[in-house]
There are 2 protein chains.
Amino acid sequence: MLCIVFEILYVHLKNAHRNWSDFWMSVSLNRSYNLPLNLAGRAFVLSFFFFFFTDVFDEIKCIHLSLFLEEERRMSHMGFRCLEISRWVICGLIGILTGLIACFIDIMVEKLAGCKYQVIKENIEKFTEVGGLSISLILWAVLNCAFVLVGGIMVAYIEPIAAGSGIPQIKCYLNGVKIPRVVRLKTLLVKVLGVICSVAGGLAVGKEGPMIHSGAVVAAGVSQGRSTSLKRDFKMFEYFRRDTEKRDFVSAGAAAGVSAAFGAPVGGVLFSLEEGASFWNQMLTWRIFFASMISTFTLNFFLSIYHGKPGDLSNPGLINFGRFESGLLGALFNSINYWLTIFRIRYVHRPCLQVMEALLVAAVTATVSFTMIYFSNDCQPLGPEHNEEYPLQLFCADGEYNSMATAFFNTPERSVRSLFHNQPGSYNPLTLGLFTLTYFFLACWTYGLAVSAGVFIPSLLIGAAWGRLCGILLASFTPTSPIWADPGKYALIGAAAQLGGIVRMTLSLTVIMVEATGNVTYGLPIMLVLMTAKIVGDYFQEGLYDIHIKLQSVPFLHWEAPATSHWLTAREVMSSPVTCFNRIEKVGTIVDVLSNTSTNHNGFPVVVQVLDSDEPAKLCGLILRSQLIVLLKHKVFVELARSRLSQRKLQLKDFRDAYPRFPPIQSIHVSQDERECMMDLTEFMNATPYTVPQDTSLPRVFKLFRALGLRHLVVVDDENRVIGLVTRKDLARYHLGKHGLEELQLAQT
Amino acid sequence: MLCIVFEILYVHLKNAHRNWSDFWMSVSLNRSYNLPLNLAGRAFVLSFFFFFFTDVFDEIKCIHLSLFLEEERRMSHMGFRCLEISRWVICGLIGILTGLIACFIDIMVEKLAGCKYQVIKENIEKFTEVGGLSISLILWAVLNCAFVLVGGIMVAYIEPIAAGSGIPQIKCYLNGVKIPRVVRLKTLLVKVLGVICSVAGGLAVGKEGPMIHSGAVVAAGVSQGRSTSLKRDFKMFEYFRRDTEKRDFVSAGAAAGVSAAFGAPVGGVLFSLEEGASFWNQMLTWRIFFASMISTFTLNFFLSIYHGKPGDLSNPGLINFGRFESGLLGALFNSINYWLTIFRIRYVHRPCLQVMEALLVAAVTATVSFTMIYFSNDCQPLGPEHNEEYPLQLFCADGEYNSMATAFFNTPERSVRSLFHNQPGSYNPLTLGLFTLTYFFLACWTYGLAVSAGVFIPSLLIGAAWGRLCGILLASFTPTSPIWADPGKYALIGAAAQLGGIVRMTLSLTVIMVEATGNVTYGLPIMLVLMTAKIVGDYFQEGLYDIHIKLQSVPFLHWEAPATSHWLTAREVMSSPVTCFNRIEKVGTIVDVLSNTSTNHNGFPVVVQVLDSDEPAKLCGLILRSQLIVLLKHKVFVELARSRLSQRKLQLKDFRDAYPRFPPIQSIHVSQDERECMMDLTEFMNATPYTVPQDTSLPRVFKLFRALGLRHLVVVDDENRVIGLVTRKDLARYHLGKHGLEELQLAQT
């Protein structure tokens, strides 16, 4: 494989450098490094040295240099290029694997659902003549329950985190909040099999959300070059075993997932940037996009008038179509789901109850669908342009089919496609109205069940149904105007509005819809309805994913600080007093602090005590809990280092091998003697942590966190003394509610 | 207009708040603000207070509060919402105006070029029979020269900054480098009229680059709510009269320009983010996009195999088509243009020479075109599917037309379209080869002339021509294989490769090409050739825009610090010693420092001297040159404030009115008496500037600059004493050349 070849090449080059540098070191060390040469001369000398003998600088490094920086300083130009190449290789692998998984899910769902519908169809046809359709109903319900049972058991008993679409979890992960087990191999397996079962089981769910989650898991796995679950280490991509790199790859994986789910690569990129990238400025991008859209629209509009063909353009009627109600419906959906989720958190927390609820939903879905189809008398002629795979004749005349069945007796994807593309007149308004109503409640009930399930396709389906309904009604009011002609367009806009009202994504959703429909001219109408849906929806209730994130009380950082938080300063936001360590600290103190469950900090400032004590000490670094744990585990104590000089030094590899499942402090045994030893943190701490003065305003602190992806920010006074520490939780606490700034209660993670 | 209505509303609401707050202040001031309430209680009190009585906090503000922060703290929830709405309104206006401008350019070019070609065509037809075609040549050359003369004179004499495509200038502007006069109304007028003249004048140029520049100028104008050139102030959008806000709008304008030029709104967004947004991470986004593309491709590939129709997919032949040479050709183009530009900077700097060169190019273009058409004997039948507007029969038989003329005797846009879409067999290889060769040199000579001109369309044309040529040649080698059939696809890929090789844009160019062709399936091949072109091209020569930026020696910050710069620290990079001011500083000192042309700093740390002097003083703020100038202009001296207590305080409005054309220090008269006065900077400085310790590594400093859009970063020691200042120039100096890290010489701006 390419990556292995490159790894060998890389190691080889690195070693070659090392040998040369040994030779040259004797030469180079004779001259002082800080000699003030003139500019050009220095540049020349440096660049010359750097290209060939980077390793030399190892020996001249200054005292404060941490282990992590050291590696980067040691790496040559070629080393960086190899890293870059391996990043591309990994992204390529992520894309291929995600595509394959999507392919597998697609084919399996199609096969299984195809078999199921075929069996039921034959059964229904058999019993339509002779009566006794209740047997068909039972068959349908049993088949659905069987699939859902398998899926539900896997999710509830094997890996509960695989429930739902996984998008809230991925949002949190990309936001920097660690949720346990979310990117494990087991989760992936359960997710993939689970979603196949739920879709084939006829639930009102889609397979798109789970695909995004799957892409993310693939990325997390591939980029680490090993599997902790399988206990296999391929000894490659070791450089990427750290949070920031892994997060970057996970965002690529999520993008690949969107891309595979909707065929929308650009939409995928925007999705993962919107949700994840720490450097993203959401509102600005969204406004820029607005300006672009308006610009294209204006140009096309006036040019088409100039050329005398104003009809060439996208249908202007679509734009006037207010769509106030879309946000309302979305908010209603979210509110119902919110209460349902709270109910579930309280009462349905045991796995067996969860599986039973899933079975109940499956049975109800089948029953409702069957009832709707049974009592519907909307028969449509079976034309040549007709593209249903399982047309149900039922009580219709020969050569006709039951129109309600195209919506219910089908996988949701196919139903959406029919609503978008079928000829005007394929559905009558009553059918659509009833379908919207029942499907709305089914979908709402389904999301949050303990099965792998996405909410995209059900939302699209609801929106498409009532969009088409509106289109038909409008057409009947203004029968002469040709611009109201195609109800399929209304279905598209309705679908966008409903989905936007539920998930409240903006930029990326527009692009996904545009890419999925392959028609740029619908861009502006889609964007406008998404905006309306978001604004209206936000007034009543948050987005579905945000609700679920909030219910889990995770410290989720939004794109910007609340608008009215300018008067809050770091001093008011920070937690204080802070637990600090000295540069040379007693092991016992460290163990005690780490074991103290009430604080549970993850980062600790390292300070130098001023001699005449008492006043706060000066900041000189920051060290993480995980680093301290590795140090304790390897017993890197000053006393031991003296006695065992020959012992190998702790290397970066030791930190990487422990990543990401650092052992808890309880599992590390420290004897009473060892508690009296000292630990020198100088070499391992981050010697230049980001700091802010105490008067810094909250938006500025927030911007630092978002832009630099920080987790800890030390607040210092004029004398560089530590007076507080700001963490994500301190920032996520503030929230702009309807009545101004509010403080939230967050879980202790 | 909506915005005016909203402004009135806004002012009204603000005043209403003020009155309420006067009433409530007496109540609220009785209780201490910092009372330690419990969390929930505090949140409630704060949010309650905040929504209604934000103005109260004016009076309780701490001493260090600067004038600028003050406004934001004073602003209510509603105020922020209004600001947000006005941002959207502005973006809408930018989109509409940019679209209209694009529309105007389109129509004018079409009209003028149409007339020109009609006249010449009639003339040629008249003389083909009777001989004496040299008269037609002269007519053609004279018409071209006439147009170019008008355009050239405008650019050379009225506004030289309007020359070229404007993209390098916009890149610099968005990067944070101020280039004088680049977003003025005059520039816009000259640009628009100039580009109409150059395209109508038959030069090898496009109108896309100038459209991007136009969008940017529109944005800069609209967002400020006034025109300094026209001396009109509409008294709105005053909040946006600051660098960061203006830059955000300009990036929206550039996006709108791209969107109007190519009909690619998403591409526009990505373009302006790529080039401008300070928060963008280029490589990561590009890799994410790669993963997405691969994912879609894999999915489609395997699904199409599964469905037994592998041909449904994008043509796999296109992907195997290596395109190594594209980067080579692009690099060649850039190298030639590089030397030409250097020649021009040295010798062709007088306006009259510039106009003469433009005329020469116009005449040569006409002559070469005519000669090529004259000697070509590639006659093609005039079929029904034929879509040229000006088919030249010349010496061809009746019912046939000269194929070379479709490429030369046309606006470049139409030529590109013909190359993409015309039937196989419309061109013979010799025609294409000759066309590519001549057009290559013409385009190369043309870019950099003193006319408004874009390089996109000429590059696309060259690429399309040789792409189509390759397609034809490949088809002739493998006549049996159907996948080599359509040369139009090769033209598309060739065009992408050539353009990518010249401008080296990646993500946004892919999206623009995909959106412009409206076919997502070409995404992966386009992306792959763009990558190849970039990698190959970068090996030989930088991108065209980067070359032009570099030749102007501006301190341009790239996306990331050079990979091998980890061992450089802030201490080595910073400029030191720094000119600092005391919090209360003598006017004479300030005037002297500002007048000193040799330093020419734009930001000055403000310090508090420790009593027992000598050692460096502690940092307490940062103040800008422009702020000092406004203070001097308004004579905000401590002594005067005492004597004239009733005088109104300096307000934010005074800073905004001066923005962006602050007077030079020389124009401010300070008498000898006034020089002895003192100025109190406390209220006006930024009291919490970003700082770093001296050991911070260069990439970290770089990341701060890019992520936060900084211009000055103060380097402090452990005691918070100023020891240096890092500016953009210090960072832009380091550059990763072929031989490792290099230091550049930058202009003193």
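Residues numbered from 1 in each chain as written. Chains lettered and ligands numbered in written order. Predicted model: local features only at pLDDT ≥ 70, side-chain atom pairs only at ≥ 80, totals over all residues. Heavy atoms only, no water.

- Chain A has the name Chloride channel protein in an unreviewed UniProt entry, where Oreochromis niloticus is given as its organism.
- UniProt's Sequence similarities (unreviewed entry) comment on chain A is quoted here verbatim: "Belongs to the chloride channel (TC 2.A.49) family." (UniProt positions renumbered as here; feature names shortened; annotations may be inferred.)

## Focus: the sheet that holds strand 7 (residues 603-608) of chain B
All names here are of chain B.
(1) Moving on: Read from one edge of the open sheet, 3 strands run 5-7-8, paired in mixed fashion. Looking at which strands have only one partner, the edges of the open sheet turn out to be strand 5 (581-582) and strand 8 (618-624).
(2) Moving on: Across 6 bridges, the pairing between strand 7 and strand 8 is antiparallel. The residue bridging Phe604 from the neighbouring strand is Ile623, located in strand 8.
(3) Moving on: Across the sheet, helix 25 (residues 625-633) is in contact with strand 5, strand 7 and strand 8; its angle to strand 8 comes to roughly 75°. (Pairing = 2+ DSSP bridges. Helix = DSSP H or I, 4+ residues; strand = E, 2+ residues; numbered from the N terminus. Contact = heavy atoms within 4.5 Å. Axes fitted to C-alpha atoms, helices over the stretch in contact; angles between N-to-C directions.)

## Remarks on the nonpolar core
(1) Moving on: Of all hydrophobic cores here, the largest spans 149 residues; its most connected members are Phe333, Ile373 and Ile526 of chain A.
(2) Moving on: With 16 residues, helix 5 (residues 77-130) of chain A is the largest single contributor of residues to this core.
(3) Moving on: Both domains that furnish three or more residues to this core are identified here as domain 2 (112-275) and domain 4 (315-551) of chain A.
(4) Moving on: Residues within four places of Phe333 of chain A in sequence aside, it is in contact with Phe440, Ala443, Cys444, Val455, Ile462, Ile502 and Leu544 of chain A.
(5) Moving on: Core analysis: the second largest hydrophobic core is formed by 139 residues, Leu303 of chain A together with Phe333, Leu492 and Ile493 of chain B among them. (Core = buried A, V, L, I, M, F, W, Y, C linked by side-chain atoms within 4.5 Å. Buried < 20%, exposed > 50% of the residue type's maximum accessible area, 1.4 Å probe, protein only. Domains from an automatic or database assignment.)

## What to know about the confidence of the model for chain A
All names here are of chain A.
(1) Moving on: Mean pLDDT over chain A works out to 75, with 79% of the residues at or above the 70 mark.
(2) Moving on: Within chain A, the lowest mean pLDDT, 30, falls on helix 3 (residues 57-60), and the highest, 91, falls on helix 8 (residues 185-200).
(3) Moving on: Counting contacts from residues 1-65, a segment whose pLDDT is below 50, to residues more than four positions away or on other chains yields 76 contacts.
(4) Moving on: Overall, residues 312-324 carries pLDDT values under 50, and its contacts beyond four positions in sequence, including any with other chains, amount to 32 contacts. (pLDDT = per-residue confidence, 0-100.)

## Structural notes on the packing of helix 9 (residues 243-262) of chain B against helix 10 (residues 265-275) of chain B
Any two packed helices are characterised by how steeply their axes cross, that is the angle between the axes, and by the distance between the axes.
All names here are of chain B.
(1) Moving on: Contact geometry of helix 9 with helix 10 gives a least axis separation of 7 Å together with a crossing angle of 140°. Judged by the twist between their axes, the crossing of helix 9 over helix 10 is right-handed. Across the interface between the two elements, Ser251, Ala254, Ala255, Val258 and Ser259 from helix 9 touch Pro265, Gly267, Gly268, Val269, Phe271 and Ser272 from helix 10.
(2) Moving on: Taken together, the residues of the contact of helix 9 with helix 10 sort by class into 6 nonpolar, 5 polar and no charged. (Left-handed = near helix turned anticlockwise from the far one by under 90°. Nonpolar A, V, L, I, M, F, W, Y, C, P; charged D, E, K, R; others polar.)

## A look at the sheet that holds strand 12 (residues 722-727) of chain A
Residues and elements named next belong to chain A.
(1) Moving on: Taken in spatial order, the 3 strands line up as 10-11-12 in an open sheet, and their pairing is mixed. In this open sheet, the two strands that pair with only one neighbour each are strand 10 (691-693) and strand 12. On average, each strand axis in the sheet is tilted by 30° relative to the strand beside it, whichever way the strands run.
(2) Moving on: Bridging between strand 11 (residues 712-716) and strand 12 involves 5 bridges; their strand directions are antiparallel. Within strand 12, the residue paired with Val714 across the bridge is Leu725.
(3) Moving on: On the sheet, helix 30 (residues 698-708) packs against strand 10, strand 11 and strand 12 and is oriented at approximately 145° with respect to strand 11.

## Some thoughts on the packing of aromatic side chains
All names here are of chain A.
(1) Moving on: What the rule picks out here adds up to 27 aromatic pairs over all chains.
(2) Moving on: Seen from their ring centres, Phe408 and Phe435 are 4.8 Å apart, and the 70° between their planes marks the pair as edge-to-face. Of the two residues, Phe408 sits in helix 16 (residues 403-408) while Phe435 sits in helix 18 (residues 429-446), which places them 27 residues apart along the sequence.
(3) Moving on: Residue classification places Phe408 among the buried positions, given a relative accessible area of 5%. (Phe/Tyr/Trp six-rings, centres within 6.5 Å; stacked < 30°, edge-to-face > 60°.)

## So, the pairing of strand 12 of chain A
(1) Moving on: Within strand 12 of chain A, 6 of the 6 residues are buried, which leaves the element mostly enclosed by the surrounding structure.
(2) Moving on: Two successive antiparallel strands, strand 11 of chain A and strand 12 of chain A, enclose a turn made up of 5 residues, where Asn720 of chain A displays a positive phi of approximately 65°.

## Digging into the pattern of salt bridges
(1) Moving on: Under the criterion given, the structure shown has 36 salt bridges over all chains.
(2) Moving on: Between Glu542 of chain B and Lys550 of chain B there is a salt bridge, with its nearest N and O atoms 2.9 Å apart.
(3) Moving on: Classification of Lys550 of chain B by relative accessible area gives partly exposed; the value is 39%.
(4) Moving on: A single network of salt bridges, built from pairs that share partners, joins Asp106, Lys207, Glu208 and Glu413 of chain A. (Salt bridge = Lys/Arg side-chain N within 4 Å of Asp/Glu carboxyl O.)

## Some words on unusual backbone geometry
(1) Moving on: Of note, the phi angle at Arg181 of chain A is positive, near 65°, even though the residue is not glycine.
(2) Moving on: Mapped onto the elements, Arg181 of chain A comes out in the loop between helix 7 (167-175) and helix 8.

## Digging into the environment of Ser251 of chain B
(1) Moving on: Residue position: Ser251 of chain B is located in helix 9.
(2) Moving on: On a C-alpha basis, the gap between Ser251 of chain B and Ala216 of chain B in space is 6.8 Å, while along the polypeptide they are 35 residues apart.
(3) Moving on: Sequence-distant contacts of Ser251 of chain B, that is, excluding residues within four places in its chain, are made with Ile288 of chain A together with Leu174 and Ser272 of chain B.
(4) Moving on: Here Asp248 of chain B takes part through its backbone oxygen, which lies 2.7 Å from a polar atom of the side chain of Ser251 of chain B. (Polar contact = N/O pair within 3.5 Å; in protein donor to acceptor, adjacent residues only side chain to side chain.)

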